[in-house]
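# Tertiary structure, described
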Amino acid sequence: MESNKKYWKGLEELNKTPEFVELNKHEFAEPIPIEEVLSGTGLMGKTPRRNFLKTVGFGIGAVTLAACQKTPVHKSIPYLIKPEEVTPGVANYYVSSYDGQAILVKTREGRPIKIEGNPGDVLGQGGVSAQVQASVLDLYDTNRLKGPMQDGGDTAWSSLDSFVKAELAAIKASGKQIRLVTASINSPSTLGVIAAFAAQYPTAKHINYDAVSYTGIIQANQNSFGKAVVPHYRFDRADLIVGFGCDFLGSWLSSAEYTRQYASKRNEEAIESKKMSRHVHFESGMSLTGSNADVRIPVKISQQGLALVNLYNEISGTTLPGSKKLGNNVADNAITLVAKELLAAKGRALVVCGSNDVATQVLVNAINSLLGSYGTTIDLDNPSNKYKGNDADIIALVEEMKRGDVGAVMFLDANPVYDFYQSSAFADALKKVRLKVSFNQYNDETAAQCNIVAPNHNYLESWGDENVLEGYYTIIQPTINPVYDTRKAEQSLLIWSDNAVKDYYTFVRNTWNTSLLPKGGLAGQGGWETLLQNGFIKVADKPATPVAFNRDINGVAQTILSQGAKLAAGEGKLELQVYENNTIGNGKYANNPWLQELPEAISKVTWDNFVAISPKTAEDLKLEEGDLIKITANNYSTELPVLLQPGQAQGTISIAVGYGRTKAGKVGDMVGKNAYPFVSLTNGSFQGNAVASIEKLGGDKIILAQTQTHHSYEGRDVIRETTLQEYLKRGEDKESEKKETYDLWNDYDRPQYDWVMAIDLNACTGCGACVVACNAENNIPVVGRDEVRRRREMHWIRIDRYYSFDEKGKTVTEEKEINKLEDLDHVSVTYQPMLCQHCDHAPCETVCPVLATTHSSEGLNQMTYNRCVGTRYCANNCPYKVRRFNWFNYWNDSRFENYIQNDYTELVLNPDVTTRFRGVMEKCSMCVQRIQAGKLNAKLQKRPLVDGDIKVACQQTCPANAIIFGNKLDPNSQVSKALKSERTYYVLEELNVKPGIGYQTKVRNRLPTEA
Amino acid sequence: MRNISLLLKQFSRSVLLVAGITAMGFTARAQGDAAKGEALYKAKCTSCHKLDVRMTGPALGPTITSETDDKWLTKWIQNNQALIAAKDPKALKIYNEYNQAGMNVFTELSDGDVANIITYVRDEYKKMQAAPAAGAGVAGAAAADNSPSESMIFGLLGVIVVAIIVILVLSRAIGTLERVLLKRKELPADEQEALAAEEADAAPVDRLATVKKLAKNKKLVFFFILAGTIAFASWSWVGMWNTNVHQGYQPVQPIKYSHELHAGVMKINCQYCHSSAYKGKNATIPSLNVCMNCHKVVKTESPEIHKIYDALGYDPGTQKYDTTKARPIQWVRIHNLPDFAYFNHSQHVKIAGIECQKCHGPIQTMKEVYQYSPLTMKWCIQCHKRTETGFKGNAYYDKMTEVHEALKRGEKVTAAALGGLECGKCHY
């Protein structure tokens, strides 16, 4: 499995730019100017005796004064009446639900501090995404609204209620329309409240509006099968997945669920049973999903439709009128090849497309129906309810508002003034509405245009329910008293509609008692309590009903092809695509500092969006990394820096949405630029494609806070990969016997435990959920854009993303050859989560002058903060580059106040983990607090520790189950078994540092012709 | 200060007693035997009733004194359930007033017994009503008893120090002035010399000579300097080691809670109040509802207990809680570990079975709690090295082979032997 393939993290590393070489000489970006002092005037310069005495005198005086501080008196304030279930110092877990996923909320002394997956969850089975992990931070966000507002000023709930009721009564009398604009709602109780509201105000209508729309799929299924739904895709049943511009592992539909499904076909079990799935991906911009594909073919946006038409032709054996070759040999060949494979994998294949175009999705339906995917890999009978928006509704609303027909409009989790494609038109139309109500938790772009702001509770403060998947009902329960003077939006609607049920909790109870509990075979108080223990009810899946696709495809193909032709960029123009990334998503999470600082999966950029462009195209246009360019399309233009993205289809650019918020809050304001106006309304649905012209602007280059080459191995071999065929052939050419090694160090005793980890590179998709989970668990500070630029990000676990070439069967061995390569379109990507390896012969331990980092008898490399004096030798000596230095006192420094350091947000801290002070080194502790807690728990229960008692934070959240932690001395533990895999290797094993984390080689399911 | 208030309390009690005895002399005209009644009252009634205030049942003093129908009263006391069953209007009224909580039935009491009790209650209540006049005077005295506060003492000390400094400075100034005056006196030169010679003669030449001689002995000087250096170094060494060690720290607490009384005299198990010590990392100061388990009834008159009532917004008269008046009690934390040290009580108390006293000292004799142990890392480590782990009967340790091997070799299995000295056990 060893190869001489060259891996590189960024173009600067590939090209060995002088800046890169210079920066990599140093462990830290800005070295302390010791040499300057030694060689310059520093030591030679004369210090007059008086100055010396003055300094010494002042120093002694200052130190003495500082030491004169009285020992602070600590107050201890017990509960007046302690809730029975609370034991100070012991965490309580409550079931809840976020984004339709059943979760567990960890609370300490009544405050939620961490989100964990509910092991029973149907979607993630215990795995949750970075966004879910980060959602707990929003609870304590100081930028949330602190109370109700009227006309921009604070008001009281009672006066707000009487005003709104009077207004609504007047509007009802005048017969004007009332509109409730929300992000897609699948909560049975909320829908019940809205229905009750509509019964009271007959002109009221509910509009589901999604910033990133899925109308294309819904309409296509309506057209094809008469079911206006988003189907439930089953990647765990697909042996062959073919994706067209569809980031299903990153941001598309239900990414955490798909990650779990996808990984279940690519993990150790799947490989050993020879059932590993194969994934071929066609896309223009490099996405998380594309980077994980076995074969990724860059295709221009304008040609995506054509590629689908060709695929249909190949599969059906017909030729749709107007179809032609792409003129791209690689893609054309791939389509022919994939078509054959798809036909061979009938009933086990799945074709997905990320387009929001109805015609394109109809064609995808046609292909899937030819492949017999319905009932196997696509479930139309138990559809997803996550997205329900119909783009026509919101367009109609704007027209209605313009005409002055709308008397009242209410917004719940919807922010169209920011994310509508013609936001200014929306804002103008909104001005004609008499009563504008925002339930949003922030005074965001839309709320600022509303005369009434009735802020909603955070989900952790309120009751609620969700039904994200047909037959899957989850409950949301409050875990804390409302932090601010907010009120559940449903409660407001109940009050305004004079409902007989006065509070929303009773409403939720009624909904469950009457219709939902019986579905799960539960009833009454007992049933309710069971629900609050389990968190969800799952009704057995409805059996698949046969569907028949019999629509004329010719017309559809014409629409697709003509639209593709319109997108084809002329001379000097580029094809623009906007996309949703896997960090801040559609902009909803823009004010979450954990997500802003989470490096975006592919580009590894934090705190910004940018224009991704192919290096070849950039060269043609004389653009360099960091150049500021002006992009103009759809009568909108904005200025963004250039990022050279290997794998990007030539002639195309990609820009992430969700940035450029103006009223998100302290964290998210003015981060990046808004890309929503590039969206256009085409054939009745919103599509993020356009033909753009660009113009290079002068001025300094912009340095993006990009982490990709911050921790470099100087080209050492850290990644191993192979192809499935080669891997299965193994044994024929077994490696020669183990090389003899010599140790300078003595071996450690391992009396009880040897905590180790196994990370499966083949399961890891690089989504970054582990990074945010680690942030939350270990009180890791957020440092901000400027500090990330200085290579000072504090994340204990990082996902290294490596590029390598796959060039027609050749592996590139020589650097000279690399330089000869012209285009960087065909790169393959490998992810490697990198964290402290807890080496048995740890190089960091040997160099610490104060023994602040030591080895435990359980195989942990311990970091003792109170001993550390900050020499940073350990970081210098760490071959894995996983040690982080506290350059500032991040928890008590006004410069970092924007992020987590304030009275409210500090409540999210894990009280079992120390917050580190300035001048102290830190690194992954393998969640030693969880290890200790797990052992303590076993001791209290007087039983031996069993495998699985202790789960570290990154392992627990991983939707792909790529990380396994456990005791190596227990031969039956999961981790021992995982490490026995023949794919296991240790990074930089040759240094004989004996790392404790074994990685499993990446396996690509490539055909010999592609390899 | 506390002693004074105790004295006053005792004094007020004796005043009450004298007043009571005097009152008894005038009111000994009841039919029953008050002494027998007292014994019965204490045995049968006090768990639910008090004389002056409402408890589980009504305040007996006013109720029985105002009740004229002794026959009905006797029936009620003997068997109230029968009266209620018979739908007696008076009985039903009381029954409903107290949330239909039935009173115990005392059929074993004879009519005479009941009469004794009634007599005792009526007498006792009269005494109580006579007492407040005296009591008010005592309370006034108690309120006036405000010994000088700490700040005043420090203020006075400060004034004294300043005064001493002023006196010293002034005397120096006077001395200087005198010398100047002496010099100003135009004395003939020879006279001055004579004066100087006189002064020289007066000086003890011998002693100075010895000192000078000794000062010239280099070895001796070296010895003294060395001794001085060592003394200073060891003093500062000890001083620095004990920086931030607050052994003996005994702050004044907002409520004069006595562990001596509760844990020592009453022998209440530590776990009753500090139950968290057996479950989690914090021992915790108990929440006030734990106090109320007993103090809803016990010592309800104490001003210290009233602090609990005030904190809870509890009105002992109506037995109602008013949460709007509730405000938490701010205790002063005595045992402060730095944030970077993780300590878990349950690990030590429940698993290792260590007595609370091992770290907290003779808590059952402490009127006011003070920090008994130094709480330094050295102290932790010493104990980890010496103490055998309480692994017996705990299946967690069953699989640990090295525990068995160590036992076979006849070694002690200490916390240290199980890795209890590793940094990462407490610092993370």
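Residues numbered from 1 in each chain as written. Chains lettered and ligands numbered in written order. Predicted model: local features only at pLDDT ≥ 70, side-chain atom pairs only at ≥ 80, totals over all residues.

### Topic: the overall build of chain B
The condition is simple: Going along the chain from the N terminus, every DSSP run of H or I of four or more residues is numbered as a helix, and every run of E of two or more is numbered as a strand. With C-beta atoms placed from the backbone, a residue is buried if 20 or more other C-beta atoms are within 10 Å of its own, exposed if 12 or fewer are, and partly exposed between those counts. Distance between backbone-placed C-beta atoms decides contact: two residues are in contact if it is within 7 Å.
In terms of regular secondary structure, chain B is built from 20 helices and 3 strands. Taking all 428 residues of chain B together, 15% fall into the buried category. Summarising the internal contacts of chain B: among those between residues at least 6 apart in sequence, 69% fall at separations of at least 24.

### A look at the sheet that holds strand 5 (residues 149–150) of chain A
Sheet strands associate in pairs through backbone hydrogen bonding, adopting either a parallel or an antiparallel arrangement. Residues and elements named next belong to chain A. For the record, the criterion: Strands were regarded as paired on the criterion that DSSP finds at least two bridges between them. Inter-axis angles, ranging from 0 to 180 degrees, are taken between N-to-C directions of lines fitted to C-alpha atoms, where helices are fitted over the stretch in contact.
The sheet built from 7 strands is open, its strands ordered 6-5-17-16-15-7-8 with mixed pairing. Pairing within the sheet leaves two strands with one partner each, and these edge strands are strand 6 (153–154) and strand 8 (204–208). Where strand 16 (residues 435–438) meets strand 17 (residues 452–453), 2 bridges bridge the pair, whose relative direction is parallel. Pairing of S438 across the sheet is with V453, part of strand 17. On the sheet, helix 7 (residues 157–174) packs against strand 5, strand 7 (177–182), strand 15 (406–412), strand 16 and strand 17 and is oriented at approximately 135° with respect to strand 15.

### Brief notes about the packing of helix 8 (residues 188–200) of chain A against helix 19 (residues 489–496) of chain A
All names here are of chain A. Formally: Put simply, angles under 35 degrees are roughly parallel, angles over 145 are roughly antiparallel, angles from 65 to 115 are roughly perpendicular, and the rest are oblique. Left-handed describes a crossing whose near helix is turned anticlockwise from the far helix through less than a right angle; right-handed describes the clockwise counterpart. Each residue is assigned to one class: nonpolar for Ala, Val, Leu, Ile, Met, Phe, Trp, Tyr, Cys and Pro, charged for Asp, Glu, Lys and Arg, and polar for all the others, Gly among them.
At their nearest, the axes of helix 8 and helix 19 sit 9 Å apart, and the two run at 25° to each other. Of the possible angle classes, the one that applies to helix 8 and helix 19 is roughly parallel. Relative to helix 19, helix 8 is oriented so that their crossing is left-handed. Mapping the contact onto sequence places S189, T190, V193, I194 and F197 in helix 8 and E490, L493 and L494 in helix 19. Of the residues that constitute the contact of helix 8 with helix 19, the class distribution is 5 nonpolar, 2 polar and 1 charged.

### Concerning the domain arrangement of chain A
Residues and elements named next belong to chain A. The condition that has to hold: Segmentation into domains, and thus their bounds, comes from an automatic or database assignment.
Looking at the assigned domains, one finds that chain A contains domain 1 (11–18 + 709–1004), domain 2 (149–208 + 389–469 + 472–538), domain 3 (215–384) and domain 4 (569–706). Here domain 2 and domain 3 have C-alpha centroids that lie 36 Å from each other. Taken together, the contact between domain 2 and domain 3 spans 5 residues of the former and 5 residues of the latter. Within the side of domain 2 that touches domain 3, the residues separate by chemical class into 2 nonpolar, 2 polar and 1 charged.

### Describing the interface of chain A and chain B
Between chain A and chain B, the contact holds 40 residues from the first and 44 residues from the second. Elements with a minimum of two residues in the side of chain A that touches chain B: strand 1 (75–76) and helix 31 (928–940) of chain A. Per element, the largest residue contribution to the side of chain A that touches chain B is 6 residues, and it comes from helix 31 of chain A. The residue inventory of the side of chain A that touches chain B, partitioned by class, reads 18 nonpolar, 15 polar and 7 charged. Where strand 1 of chain A lies against strand 3 (residues 331–332) of chain B, 2 bridges are found, and the strand directions are antiparallel. Within the sheet, the bridge partner assigned to S76 of chain A lies in strand 3 of chain B and is W331 of chain B.

### Topic: the pairing of strand 34 (residues 827–834) of chain A
All names here are of chain A. The element strand 34 is extensively covered by neighbouring structure, given that 8 of its 8 residues are classed as buried. Residues V827, V829, Y831 and P833 of strand 34 are buried on one face, and the alternating residues S828, T830, Q832 and M834, pointing to the opposite face, are buried as well. Where strand 33 (residues 798–805) and strand 34 come together, 8 bridges link them in antiparallel fashion. Looking at the pairing, R798 lines up with M834 of strand 34.

### Here we look at the packing of helix 4 (residues 70–78) of chain B against helix 7 (residues 111–130) of chain B
Residue and element names in this part refer to chain B. Following both chains from N to C, one finds helix 4 and helix 7 inclined at 110°, their axes separated by 10 Å at the closest point. The angle between helix 4 and helix 7 falls in the class roughly perpendicular. Seen from helix 4, the contacting residues are D70, L73, T74, I77 and Q78; seen from helix 7, they are D111, V114 and I118. The class makeup of the residues in the contact of helix 4 with helix 7 is 4 nonpolar, 2 polar and 2 charged.

### Re helix 15 (residues 358–370) of chain A
Residues and elements named next belong to chain A. Rule in force here: Given the number of residues in a helix, its expected span is that number minus one, multiplied by 1.5 Å.
With 13 residues, helix 15 should cover 18 Å at 1.5 Å per step; its first-to-last C-alpha distance of 18 Å lies within 8% of that length. Most of helix 15 is tucked away: 11 of the 13 residues are buried. Those residues of helix 15 that fall on the buried side of the exposure criterion are V358, A359, T360, Q361, V362, L363, V364, N365, A366, I367 and N368. Looking at the buried positions of helix 15, the neighbouring elements they touch are helix 9 (215–225), helix 13 (301–316), strand 13 (349–353), strand 14 (378–384), helix 22 (553–567) and strand 28 (685–687). With its phi angle positive at about 65°, G372 sits one or two positions after the end of helix 15.

### Looking at the environment of G147 of chain A
All names here are of chain A. Secondary-structure assignment places G147 in the loop between helix 6 (130–139) and strand 5. On the neighbour-count criterion, G147 (16 C-beta atoms within 10 Å) is partly exposed. When the C-alpha atoms of G147 and D485 are compared, they prove to be 4.6 Å apart, with 338 residues separating the residues in sequence. What G147 contacts, discounting residues up to four positions off in sequence, is D154, Y484 and D485.

### Remarks on the sheet that holds strand 21 (residues 573–579) of chain A
Residue and element names in this part refer to chain A. The 6 strands are arranged 21-26-23-25-24-29 in a closed barrel whose pairing can be described as mixed. Between one strand axis and the next, the sheet turns through 45° on average, direction left out of account. Direction of pairing for strand 24 (residues 628–633) relative to strand 25 (residues 636–644): antiparallel, over a ladder of 6 bridges. Its bridge partner lying in strand 25, I629 is registered against L640.

### Describing the confidence of the model for chain A
To be explicit about the condition: The predictor rates its confidence in each residue with pLDDT, a number between 0 and 100.
With 95% of its residues at a pLDDT of 70 or more, chain A has an overall mean of 88. Scored below 50 in pLDDT, residues 808–821 of chain A makes 16 contacts in the model with residues more than four places away or belonging to other chains.

### Re the nonpolar core
Defined as follows: In this usage, the nonpolar core is the set of buried Ala, Val, Leu, Ile, Met, Phe, Trp, Tyr and Cys residues whose C-beta atoms join them within 7 Å.
In this structure, L363, A408, V611 and V772 of chain A are the most contacted members of the largest nonpolar core, which totals 276 residues. Beyond its immediate chain neighbours, meaning those up to four positions away, L363 of chain A contacts L308, V309, Y312, I553, V556, A557 and I560 of chain A.

### Describing the environment of E260 of chain B
Residues and elements named next belong to chain B. Here E260 is to be found in helix 13 (residues 259–265). Along the sequence, E260 and I334 sit 74 residues apart, while their C-alpha atoms lie 17 Å from each other. For E260, the residues in contact, after removing those within four places along its chain, are V265, Q364, T365, M366 and K367.

### Here's the deal with the pairing of strand 18 (residues 464–469) of chain A
All names here are of chain A. Burial runs high along strand 18: 6 of the 6 residues are buried. Bridge count between strand 18 and strand 19 (residues 472–476): 4 bridges; the pairing is antiparallel. Following the sheet pairing, L469 is matched in strand 19 by Y472. In sequence, strand 18 turns back onto strand 19 through a hairpin of 2 residues, with G471 there showing a positive phi of about 85°.

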